[in-house]
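Architecture and fold: a report
For reference, the chains in residue letters:
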Amino acid sequence: MTPRRPDTRTLVVGLTGASGVRYGLSLLGNISLARRVYDKVYVVYTGNAAEVARLEEGVELPEYLARLGGLDGVYPSSDLSSDIASSSNLVSTDMVVVPASMSTIAKIAHGIQDNLLTRVALGVLRLRNKLVLVPRETPLSPVDLRNLYELSLMGAVVVPAMPAFYIKPKSVDDMVLFVVGKILDALGVEHSLYRRWSPGG
């Protein structure tokens, strides 16, 4: 990874083993939108994310990400020797974890940096940059709610994978794109992935 200029903005997308990997893949499929704001885009994925991608979407995640355009680097979460493992390389770096498993949420909430994904997330929080978490679980236990609450107090933005219906979705993809649009909203990225609410319909 080349040294960053002070004005270089970077986005790291983390994929975990929660159900709903389609949300993360859809975000990456629309990564050109984020390129309007970010100079560099990296992906970190867990082994469980690769398993869920195989089961839910029928794709081999490492190969899929290698073929996907618009990325500056793809790392398995086991790669703790990566440059982005150090917060010195996370200046002006934002991160989205989508979908975010409750295990990953718990680790970040309690400062456990046992893989590259949680290490980057905590580095982003340490530098007070944007950390967007997209949990996909239901129902939520008191433990889950407490962890999400604590992360919100730390500055993370929690964007639950909760599709809206005022957009009158006609397909699953419409509902997925609504959530992806909300993620981009949280990052400050302009888009037209869903119809904004208007009382006139």
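Anything mentioned here points back to the structure above.
Notes on the structure follow.

The rules we used
- Residues numbered from 1 in each chain as written.
- Predicted model: local features only at pLDDT ≥ 70, side-chain atom pairs only at ≥ 80, totals over all residues.
- Heavy atoms only, no water.
- Helix = DSSP H or I, 4+ residues; strand = E, 2+ residues; numbered from the N terminus.
- Rg over C-alpha atoms; globule rule 2.2 N^0.38 Å.
- Buried < 20%, exposed > 50% of the residue type's maximum accessible area, 1.4 Å probe, protein only.
- Contact = heavy atoms within 4.5 Å.
- Areas by Shrake-Rupley, 256 points an atom, 1.4 Å probe, with all protein chains shown as cover.
- Lys, Arg positive; Asp, Glu negative; His and termini not counted.
- Charge placed at Lys NZ, Arg CZ, Asp CG, Glu CD.
- Pairing = 2+ DSSP bridges.
- Axes fitted to C-alpha atoms, helices over the stretch in contact; angles between N-to-C directions.
- Core = buried A, V, L, I, M, F, W, Y, C linked by side-chain atoms within 4.5 Å.

In terms of regular secondary structure, the protein is built from 8 helices and 6 strands. Starting at the N terminus and ending at the C terminus, the protein contains elements arranged as β-α-α-β-α-α-β-β-α-α-β-α-β-α. The C-alpha radius of gyration of the protein comes to 16 Å, within 12% of the 17 Å expected for a compact globule of 201 residues. Taking the principal axes of the C-alpha coordinates as reference, the protein spans close to 50 × 40 × 35 Å. Looking at the protein as a whole, 46% of its 201 residues are labelled buried. A separation of at least 24 residues holds for 77% of the contacts in the protein among residues at least 6 apart in sequence. In the structure as shown, the protein presents an accessible area of about 9600 Å², 53% of it carried by carbon and sulfur atoms. The averaged location of the 19 negative side-chain charges in the protein is 6 Å from the averaged location of its 21 positive side-chain charges.

Pairing is parallel across the open sheet formed by 6 strands, whose spatial order is E3-E2-E1-E4-E5-E6. Edge positions in the sheet fall to strand E3 (73–76) and strand E6 (157–158), since each of these pairs with one other strand and no more. With 4 bridges connecting them, strand E2 (residues 40–45) and E3 associate as parallel partners. Each residue of the ladder has a partner; that of Tyr45, found in E3, is Pro76. Along the sheet face, helix H1 (residues 21–29) touches strand E1 (10–15), E2 and strand E4 (93–100) and points at about 145 degrees away from the line of E4.

Next up on the list: the pairing of E4. Most of E4 is tucked away, with 8 of its 8 residues classed as buried. On E4, burial covers both faces: Thr93, Met95, Val97 and Pro99 on one face and Asp94, Val96, Val98 and Ala100 on the other are all buried. Here E1 pairs with E4 via 5 bridges, running parallel. Bridged to Val12 within E4 is Met95. Where E4 meets strand E5 (residues 131–135), 4 bridges bridge the pair, whose relative direction is parallel. Across the sheet, the residue bridging to Met95 is Leu131, located in E5.

The subject of this paragraph is H1. When you tally the buried positions in H1, you get 7 out of 9 residues, the bulk of the element. Taken as a whole, H1 has its buried residues at Val21, Tyr23, Gly24, Leu25, Ser26, Leu27 and Leu28.

All right, on to the environment of Met175 then. Tracing the chain through its elements places Met175 in helix H8 (residues 172–187). A relative accessible area of 22% means that Met175 is categorised as partly exposed. Taking C-alpha positions, Met175 is 32 Å from Gly111, a pair spaced 64 residues apart along the chain.

Turning our eyes to something else, we now look at the environment of Phe178. The topology assignment puts Phe178 in helix H8. Taking the relative accessible area as the measure of exposure, Phe178 reaches 5% and is therefore buried. Between the C-alpha atom of Phe178 and that of Ile84, which follows or precedes it by 94 residues, the distance is 29 Å. Non-local contacts of Phe178, meaning those with residues more than four positions away in its chain, are made with Met162, Pro163, Ala164, Tyr166, Ile167 and Tyr194.

Turning our eyes to something else, we now look at the nonpolar core. Judged by nonpolar contacts, the single largest core of 41 residues is most densely connected at Leu11, Leu15, Leu61, Val96, Val134 and Ile183. In terms of residue count, the dominant contributor to this core is H8 (8 residues). Setting aside anything within four residues of it in sequence, one finds Leu11 in contact with Ile31, Ala34, Tyr38, Lys40, Val41, Tyr42, Asp94, Met95, Val96 and Leu187. Counting residues in hydrophobic clusters, the runner-up holds 26 residues, among them Val12, Ala100, Ala109 and Leu122.

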